[in-house]
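Observations on the three-dimensional arrangement
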2 protein chains.
Amino acid sequence: MSDSKNDLAGKNESDEVSKEVTDKYSLRGRVFNRIREDILSGKYAENEELKEVSIGNELGVSRTPVREALRQLELEGLVNIIPNKGAYVHGISQKDIHDIYVIRSYLEGLAARWACERITDEEIEALEENVYISNFHIGKKHYETIVELDSAFHETIYKASGSKILEHQLSTYHHYVERIRKISLGREERAKKSNEEHAAILEAIKGRNGDLAEKLAHEHIISTIANLNKQGL
Amino acid sequence: MSDSKNDLAGKNESDEVSKEVTDKYSLRGRVFNRIREDILSGKYAENEELKEVSIGNELGVSRTPVREALRQLELEGLVNIIPNKGAYVHGISQKDIHDIYVIRSYLEGLAARWACERITDEEIEALEENVYISNFHIGKKHYETIVELDSAFHETIYKASGSKILEHQLSTYHHYVERIRKISLGREERAKKSNEEHAAILEAIKGRNGDLAEKLAHEHIISTIANLNKQGL
DNA sequence: GCAAGTATCATTGTATACAATAATGCACAT
DNA sequence: ATGTGCATTATTGTATACAATGATACTTGC
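Notes on the structure follow. (Residues numbered from 1 in each chain as written. Chains lettered and ligands numbered in written order. Predicted model: local features only at pLDDT ≥ 70, side-chain atom pairs only at ≥ 80, totals over all residues. Heavy atoms only, no water.)

Quick look at the sheet that holds strand β3 (residues 86-89) of chain B now. Residue and element names in this part refer to chain B. The strand order across the open sheet formed by 3 strands is β1-β3-β2, and the pairing between neighbours is antiparallel. Sheet topology places β1 (49-50) and β2 (79-82) at the edges, where each strand pairs with a single neighbour. Seen against the sheet, helix α4 (residues 63-76) touches β1, β2 and β3 and runs at an angle of roughly 110° to β2. (Pairing = 2+ DSSP bridges. Helix = DSSP H or I, 4+ residues; strand = E, 2+ residues; numbered from the N terminus. Contact = heavy atoms within 4.5 Å. Axes fitted to C-alpha atoms, helices over the stretch in contact; angles between N-to-C directions.)

Dropping the structure here:
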């Protein structure tokens, strides 16, 4: 075998490749993501019935993947299933979104605290790079990229927390409010401030200051909530 | 032969709306709960492969309900599914349990805070009754009942928080650690102290003192963690 | 003897068939 | 005209059949 230092060809021990729990490439995964998007984007009305055959026909698949997707969405709370009766949309309201942000404000704080104890040098480097590159893209108004970098920053901290449970939960919430985050980070002013807050959190983590890191990460989310309110969301 | 298959068909008790998202009376629901219990109780080894046909045969059902159950467990994080390959146990470790308690310490605090603002008179009465009755059963060492009452107390607060999201999440965590809670409350000393803490939380909520309620609910869980450590868990 | 390629098998992914349950509408009695 | 009961229909629940993919073992060429 080759001892080449180039990683790019070799298999890079990726036990957890996909961020998403549900894979994107199976029919079930696609149906799942599609319905979820349609619920989160408001395409389906609240309490609307989701019939397996209808959705199946619409997406060109059979009932089986649709059923599996609906059962998963039930567990996520986005769909309400009444046995032998049907599946009904149970979307997230404005209040739900607000609740998620408040919950996140606590859990992001906890994640930052734990990250202080367990973060690796590679992860710190990734965060530093993230903040630096984000600054560039904010200047260029590359909003798509900004959102992706924001996700990556938070996900890195989730992972650095060393808690599978916390990482899993925060990832889910993070995805839930993705639509909202896109709007929030669409304002250059907020994007800039957000990245400054990221930098401060990073410094606290680098300094292994758990109390401060928790406080800053907590305030980062509170600050986001305030911004959303300012935008009338 | 009147084993698994017939057990489920005979269940006729209803009337009560299930706390669990997943209904208990469909095959899928039964399979789901069964596998979950088996993972949480440690019957399956970590990373053990869960083959659809094997489990199906074992429970006397076809692959379909098993698949659906596995897909749901994947979303709960208890099973890791590699597309086209298989489903693998991803159980919760001692550390996971500890993490859950710490996470809960924050979220229970938040639930108590929110409950101060939104709790109804009926819910307050239910909590008062709960504390009173618990005291009785603690004296009688009715440990089964004590655990149920403990669950009911917390679930009532979750509901009183008025947050669908928070309620859903805390319920899930609460169930996750049910096995541990049974052990914890099995010591009379802890059961007694726990109920006193419940009483204090209730008083804070009745007084609509959000800061205090949050603090007490938070400390209630921290206190539980300390007790678990004392028991070597 | 060993490695590469291939055949075979095991297992999952998807579709469809059949069964059970709930919803709907119509006939009929009052 | 209306309410009840039955038949019909629509929809979900479960089982099975078939397709696709990955794992395994064997063969074959060297």
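Not every one of the 20 residues close to DNA strand D is listed here, only the nearest: Arg67 and Arg71 of chain A together with Leu27, Thr64 and Lys85 of chain B. Each atom of DNA strand D within 4 Å of the protein was assigned to sugar, phosphate or base; sugar and phosphate come to 65%. The separation between a phosphate oxygen of DNA strand D and a polar main-chain atom of Ser62 of chain B is 2.8 Å. One of the side-chain N or O atoms of Thr64 of chain B is found 2.7 Å from a base nitrogen in DNA strand D. Per-class residue counts for the surface near DNA strand D are 5 nonpolar, 6 polar and 9 charged. (Near = heavy atom within 4 Å. Polar contact = N/O pair within 3.5 Å; in protein donor to acceptor, adjacent residues only side chain to side chain. Nonpolar A, V, L, I, M, F, W, Y, C, P; charged D, E, K, R; others polar.)

By size, the foremost hydrophobic cluster in this structure holds 116 residues, and its most contacted members are Ile35 and Leu50 of chain A together with Ile35 and Leu50 of chain B. The contact partners of Leu50 of chain B, leaving out residues within four places of it in the chain, are Ile35, Tyr44, Ile55, Leu70, Val79, Ala87 and Val89 of chain B. (Core = buried A, V, L, I, M, F, W, Y, C linked by side-chain atoms within 4.5 Å. Buried < 20%, exposed > 50% of the residue type's maximum accessible area, 1.4 Å probe, protein only.)

All names here are of chain A. With 19 residues, helix α9 (residues 188-206) extends 27 Å between its outermost C-alpha atoms, agreeing within 8% with the 27 Å of an ideal straight helix rising 1.5 Å per residue. Looking at α9, one finds that the buried residues are Arg190, Ala191, Ser194, Asn195, Glu197, His198, Ile201, Leu202, Ala204 and Ile205. Contacts from the buried residues of α9 go to α4 (94-118), α5 (121-140), α6 (143-160), α8 (178-184) and α10 (210-230). Immediately downstream of α9, the backbone of Arg208 shows phi near 55°, a positive value. (Expected span 1.5 Å × (residues − 1).)

What follows covers the side chain of Ser184 of chain B. Residue and element names in this part refer to chain B. Relative to the helices and strands, Ser184 is located in helix α9 (residues 178-184). For Ser184, a relative accessible area of 3% translates into the label buried. In this structure the side chain of Ser184 is engaged in a polar contact, spanning 3.0 Å, whose partner is the side chain of Asn227. Excluding anything up to four places from it in sequence, Ser184 contacts Arg190, Thr224, Asn227, Leu228 and Gln231.

Below, the discussion takes up the environment of Ile82 of chain B. Secondary-structure assignment places Ile82 of chain B in strand β2. When the C-alpha atoms of Ile82 of chain B and Leu228 of chain B are compared, they prove to be 35 Å apart, with 146 residues separating the residues in sequence.

Here we come to the sheet that holds strand β3 (residues 86-89) of chain A. Residue and element names in this part refer to chain A. Here we have 3 strands laid out as an open sheet, ordered β1-β3-β2, and antiparallel in their pairing. Each end of this open sheet is capped by a strand with a single partner; those strands are β1 (49-50) and β2 (79-82). Of the strand pairs in this sheet, β1 and β3 are connected by 2 bridges, and their pairing is antiparallel. Bridge pairing in β3 links Glu49 to Tyr88. The strands touched by helix α3 (residues 63-76) within the sheet are β1, β2 and β3, with β2 carrying the most contacts at an inclination of about 110°.

A word on the packing of α5 of chain A against α6 of chain A. For any two helices packed against each other, the geometry is given by the interaxial angle and the distance between the axes. Residue and element names in this part refer to chain A. The N-to-C vectors of α5 and α6 enclose an angle of 165°; their axes lie 10 Å apart at closest approach. The orientation of α5 with respect to α6, classified from their angle, is roughly antiparallel. The two elements α5 and α6 meet at a crossing, and its hand is left-handed. For the pair α5 and α6, contact is made by Glu123, Leu127, Asn130, Val131, Ile133, Ser134, His137 and Ile138 and by Thr145, Ile146, Leu149, Ala152, Phe153, Thr156, Ile157, Lys159 and Ala160, respectively. (Parallel < 35°, antiparallel > 145°, perpendicular 65-115°, else oblique. Left-handed = near helix turned anticlockwise from the far one by under 90°.)

This next bit is on the interface of chain A and chain B. Contact with chain A, which involves 36 residues of that partner, is made by 38 residues of chain B. Both sides together, the interface formed by chain A and chain B hides about 3,400 Å², and carbon and sulfur atoms give 59% of it. Summed over the three residues of chain A that lose the most area to chain B, namely Leu75, Tyr106 and Ile165 of chain A, the buried surface amounts to 21% of that side. Here chain A and chain B share 6 salt bridges between them. Here Glu68 of chain A makes a salt bridge to Arg67 of chain B, at a shortest N to O gap of 2.8 Å. (Buried area = accessible area lost by both parts, 1.4 Å probe. Salt bridge = Lys/Arg side-chain N within 4 Å of Asp/Glu carboxyl O.)

So far we have only geometry, and geometry alone does not tell us how the molecule works.
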